[in-house]
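# Secondary and tertiary structure notes
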Amino acid sequence: MKKALHLSLVLTTLILLNPLTMVLGSRCLAEETPPMEVMEMSTPPVIDGKLDEWNESSKMSLTPPKWMSKQDLSAVISVGWDAKNLYVAAKVTDDKVFNNCDPKGSIYLGDQMMLRLGESTKILLAPTSATGKPACTLEGAGVDGIKAVAEKDDSGICWATQSRDHGYILELAIPFSVIGKKEPVKADDTIPYVFVVYDRDTDNPDEWKQTHIRISSSSIKGKPDTWPCLKFIPGITTALTSPVRIIGRTGLSSNGNPILYWSGSSVQARFEGTSITVVLNDRKGVSFYNAIIDGKDDAPVIVDTEPGVKRYPIATGLKPGDHEILLFKRTEGTDGPSIFLGFVLDDGSKLLAPPKAPDRRIEFYGDSITCGMGNEAPDKGDESANSDRNNYLAYGAITCRELNAEYRCIGRSGIGIIKSWYDLIMPDYWYRINPDDPNSRNDFTKWTPDVVVVNLFQNDKWLIKKLNPVPGEKEIVEAYVKFISGIRKVYPKAHIVCSLGTMDAAKEGSVWPGYVKKAMAEMNDKNMSFLLFPNKDWNRHPRVRHHRKMADLLVAHLKKVMDWK
C-alpha cells in the first residue's frame with residue numbers, strides 16, 4: 001500500500017427508492033443516500049470463506065480514489081438475508097494482507113472490515129491475526145464492552161476468511177438479534193449501516209494514522225439516523241425450475257441459473273396474473289434489455305441494469321388472464337453477463353408452459369453491424385452509448401422474426417477475422433460460451449442451425465494496413481477459408497451465407513466482396529451462398545432503417561436458397 005492521507009470514499013451508485021423509511025425506532029436519511037435493496041436468499045450461504053452460494057445476493061463496489069490503483073485496495077461487498085440472519089461477504093483486493101493483533105486485543109492495527117449496523121452494533125473482522133486465525137470483535141446490542149473471539153462467538157455470529165491472490169475473502173452470518181431486531185425480519189424492514197474496509201500495513205500506532213486508507217459505503221460520522229439503510233426485499237417467488245424458454249448461447253451459474261451473455265440472448269415465458277417483475281444479477285450494470293409483453297414490441301419496457309441482484313418491475317395492471325413476456329438482451333457480451341434469477345408474479349399466480357420454439361434456426365457471426373451498435377443513435381450523433389444499441393432491431397433479429405426462426409447472435413463490435421481494434425480476432429472468439437473465457441467451449445451438438453450467416457471483414461478493411469507485413473490477397477482469402485471451414489466442421493449440414501455490408505467494405509469498387517467470393521470458390525461448398533448488403537452513401541453504423549433493408553434482402557435470399565415460404 002502506498003502512503004496516503006486518511007481517505008474515505010462515499011458510494012454513489014445506489015438508486016433512490018424511498019424518500020424516508022422508519023428504521024427500528026430511528027430513520028434513514030434516504031434523501032442523501034438512498035437504501036440499498038437486499039435480496040432475500042432462498043438458500044443460506046455456507047460460511048466457509050468461499051463465494052459459491054452468493055448468486056442471489058445484492059452487491060456494491062468500494063473503490064479507491066482515481067489516483068490510486070484498485071490493486072492497492074478495493075472490495076466487492078455482497079449482502080443477503082433470511083428471517084434469522086443478515087449475511088455479508090467481502091471480496092477484498094489488497095496488495096499486502098496484514099494484521100498482527102492478539103484476538104483478545106485490538107483489531108484496529110491492521111487490515112480489517114468494520115460493519116456498523118442498527119443503533120449501536122459494531123462488528124470488526126480481520127482476515128488474520130497473531131495466531132494465524134481470523135479475529136472478530138463485537139460491540140453493542142447488550143454486549144458489555146468489546147468482545148474478542150478467535151474461533152467461536154456465543155452471540156451466534158459465524159464467520160470465515162480465506163486468502164486469495166492479492167487479497168482475501170470475508171464471510172459473516174449475523175443473527176438479527178445481535179443487531180437488536182427481536183422479531184423475524186420481514187420484507188421492507190430496514191437497518192442503518194456503514195461498511196468500511198481498512199488497509200493498514202503496520203502495527204505501530206504512531207505510524208498507521210499517516211499510512212492507512214479506508215474505503216466505505218458512506219461516511220461513518222454522525223448518528224445512525226443519518227446513515228443509509230439496508231432495505232430487505234422479498235426473494236424470488238417463482239422457482240427457477242418453473243417453465244421458461246432460454247434463447248441464445250447461454251451458460252449456467254454454480255446454482256444452475258441461466259447466464260445471458262451474447263446480444264439477443266433471451267428469456268421467454270407465459271404467465272397468468274396482472275403483474276410481472278424480473279430478477280437479474282448483472283455483473284457490470286451496463287447491459288440493456290427489452291421486456292416485451294404480449295408481443296407488443298413497438299413500445300418495450302427498457303431494462304437498464306445495475307450491478308448485482310435487482311428486481312426490475314416490467315408490467316402492472318395487466319388484464320387478468322394469460323400473458324407472454326420476452327426479455328431480450330439489446331447489448332453485447334463485452335458489457336458483462338446477467339444471471340437470470342426468475343420472475344416474480346402476483347400472489348397465487350404461476351408460470352404456464354412457455355411458447356413452442358420455432359422449427360427454423362439461424363445463427364449469426366458478425367461485428368458491430370450485426371450487434372446493432374448505434375442503430376438507434378441520431379444520424380449525426382455519438383454511436384457508442386449502450387442505450388442506443390438495440391440488437392432486437394438489428395437485421396439478424398428482424399430476419400428471424402420475419403421467417404419465424406430461432407435467433408442466435410455471436411458478435412462483437414470491432415472484431416475482424418485477421419485484425420481487430422484489440423488483440424482478439426473472431427477465430428479466437430466464435431466458439432466460446434462465455435465471451436470473456438477462451439476455455440469455455442460451446443457444445444455445437446446441442447443446438448444446430450439450419451442457416452449460418454457470416455458478416456465480417458469490415459474491421460479488417462479498416463485495420464489491415466496496421467499489420468506488418470500487410471497481408472495480401474492470398475493471406476486474406478486463406479484466413480477467410482480457414483474461419484468458414486471451422487464453422488462448416490461443427491455444422492456440416494447448415495447452409496452458410498457469406499455476406500458483407502452495409503458499411504464501406506461493401507461500397508462499389510471495394511475489393512473485399514471479391515475476397516469473400518474467391519474464398520468461396522476455393523471451398524467449392526455447394527451448401528453456401530453469397531449476399532452483399534450494398535452501401536449507398538452511408539459511412540456510419542447502419543441505423544434501424546438500414547437494418548430493415550438488410551433484413552428484407554436476407555429474408556428474400558433465404559426464401560430462395562432454403563425454399564422457405
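Here's a quick rundown of the structure. (Residues numbered from 1 in each chain as written. Predicted model: local features only at pLDDT ≥ 70, side-chain atom pairs only at ≥ 80, totals over all residues. Heavy atoms only, no water.)

## Some remarks on the overall build of the chain
In terms of helices and strands, the chain carries eight helices and 31 strands. Within the chain, the proportion of its 565 residues that are buried is 57%. Within the chain, contacts between residues separated by at least 24 positions form 70% of all contacts whose residues are at least 6 apart in sequence. Accessible surface for the chain amounts to roughly 24,500 Å². Of this, 51% is attributable to carbon and sulfur atoms. (Helix = DSSP H or I, 4+ residues; strand = E, 2+ residues; numbered from the N terminus. Buried < 20%, exposed > 50% of the residue type's maximum accessible area, 1.4 Å probe, protein only. Contact = heavy atoms within 4.5 Å. Areas by Shrake-Rupley, 256 points an atom, 1.4 Å probe, with all protein chains shown as cover.)

## Let's talk about the nonpolar core
Counting 47 residues, the largest nonpolar core has Tyr 365, Val 454, Phe 457, Tyr 480, Phe 483, Ile 484 and Ile 487 as the members making the most contacts within it. Going through the elements one at a time, β25 (338-345), β29 (451-455), α6 (473-490), β30 (495-500) and α7 (512-523) are the ones with two or more residues in this core. Looking at this core, the element that brings in the most residues is α6, giving eight residues. Those residues in contact with Ile 484, other than ones at most four positions away along the chain, are Val 454, Ile 496, Cys 498, Met 523 and Met 528. In this structure, Met 36, Met 68, Leu 86 and Ala 90 belong to the second largest nonpolar core, which totals 39 residues. (Core = buried A, V, L, I, M, F, W, Y, C linked by side-chain atoms within 4.5 Å.)

## Focus on the layout of surface pockets
Any empty space left between atoms is shown by rolling a water-sized probe over those atoms. The volume enclosed by the largest pocket comes to roughly 860 Å³. Residue lining of the largest pocket: 32 residues in total, with Leu 51, Lys 59, Val 76, Lys 91 and Arg 283 positioned closest to the centre. At the level of secondary structure, the elements contributing two or more residues to the lining of the largest pocket comprise β4 (58-62), β5 (73-81), β6 (85-94) and β20 (276-282). For the lining of the largest pocket, a count of residues per class yields 14 nonpolar, twelve polar and six charged. (1 Å grid on protein atoms, 1.4 Å probe; cavity = no way out; pocket = protein on both sides within 12 Å on 5 of 7 lines; lining within 4 Å. Points joined across faces, edges and corners; volume = space filled by probe spheres on them. Nonpolar A, V, L, I, M, F, W, Y, C, P; charged D, E, K, R; others polar.)

## Digging into the sheet that holds β5
Read from one edge to the other, the open sheet built from five strands follows the order β4-β5-β6-β12-β11, with strand pairing classed as antiparallel. Both outer strands of the open sheet, β4 and β11 (158-164), are each paired with one neighbouring strand and no more. The sheet shows a mean angle of 15 degrees between the axes of neighbouring strands, taken without regard to direction. As paired strands, β5 and β6 are joined by nine bridges and run antiparallel to one another. Bridging across to β6, Ser 78 finds its partner in Ala 89. (Pairing = 2+ DSSP bridges. Axes fitted to C-alpha atoms, helices over the stretch in contact; angles between N-to-C directions.)

## Focus: the environment of His 495
Within the fold, His 495 resides in strand β30. Residue class for His 495 comes out buried when judged on its relative accessible area of 6%. Beyond its immediate sequence surroundings of up to four residues, His 495 is in contact with Asp 450, Val 451, Val 452, Asn 527, Met 528, Ser 529, Val 561 and Met 562. A polar contact is formed between the side chain of His 495 and the side chain of Ser 529, at a distance of 2.7 Å. (Polar contact = N/O pair within 3.5 Å; in protein donor to acceptor, adjacent residues only side chain to side chain.)

## With respect to the pairing of strand β23 (residues 308-315)
Of all eight residues that make up β23, seven are buried, and the element is covered over most of its length. Here seven bridges tie β20 to β23, and the two strands are oriented antiparallel to one another. Bridged to Val 279 within β23 is Arg 311.

## Here's the deal with unusual backbone geometry
Residues other than glycine predominantly adopt negative phi, and peptide bonds predominantly adopt the trans conformation. The linkage connecting Asn 468 with the following residue, Pro 469, adopts the cis geometry, with an omega of 5 degrees. When you line up the elements, Pro 469 lands in the loop between α5 (458-463) and α6. Cis rather than trans, the peptide bond between Gly 501 and Thr 502 has omega equal to 20 degrees. Assignment of secondary structure puts Thr 502 in the loop between β30 and α7. The backbone of Asp 294 sits at a positive phi, close to 55 degrees, despite the residue not being glycine. Following the sequence through the fold, Asp 294 ends up in the loop between β21 (288-293) and β22 (301-304). Relative accessible area serves as the criterion here: at 35%, Asp 294 is assigned to the partly exposed category.

## Quick look at the packing of aromatic side chains
If you walk through the whole model with that rule in mind, you get 18 aromatic pairs. Between Phe 457 and Trp 512, the ring centres sit 4.9 Å apart and the planes meet at 70 degrees, which makes this aromatic pair edge-to-face. Highlighted residues: Phe 457 in the loop between β29 and α5 and Trp 512 in helix α7, separated in sequence by 55 residues. The same class applies to Phe 457 as to Trp 512, namely buried. Connected via pairs of aromatic rings, a cluster forms that spans Phe 328, Phe 364, Tyr 392, Tyr 395, Tyr 407 and Phe 533. (Phe/Tyr/Trp six-rings, centres within 6.5 Å; stacked < 30°, edge-to-face > 60°.)

## Examining the sheet that holds strand β27 (residues 360-366)
Spatially, β28-β27-β29-β30-β31 is the arrangement adopted by the five strands of the open sheet, whose pairing is parallel. The open sheet terminates on both sides in strands that have one partner only, identified here as β28 (405-411) and β31 (528-532). Neighbour-to-neighbour, the strand axes of this sheet turn through a mean angle of 20 degrees, independent of strand direction. Pairing of β29 with β30 involves five bridges; the strand directions are parallel. Considered in β30, the bridge of Asn 455 is made with Ser 499. Across the sheet, helix α4 (residues 395-403) lies against β27, β28 and β29, angled at about 170 degrees from β27, the strand it touches most. Across the sheet, helix α8 (residues 544-562) touches β27, β29, β30 and β31, and the angle it forms with β31 is around 155 degrees.

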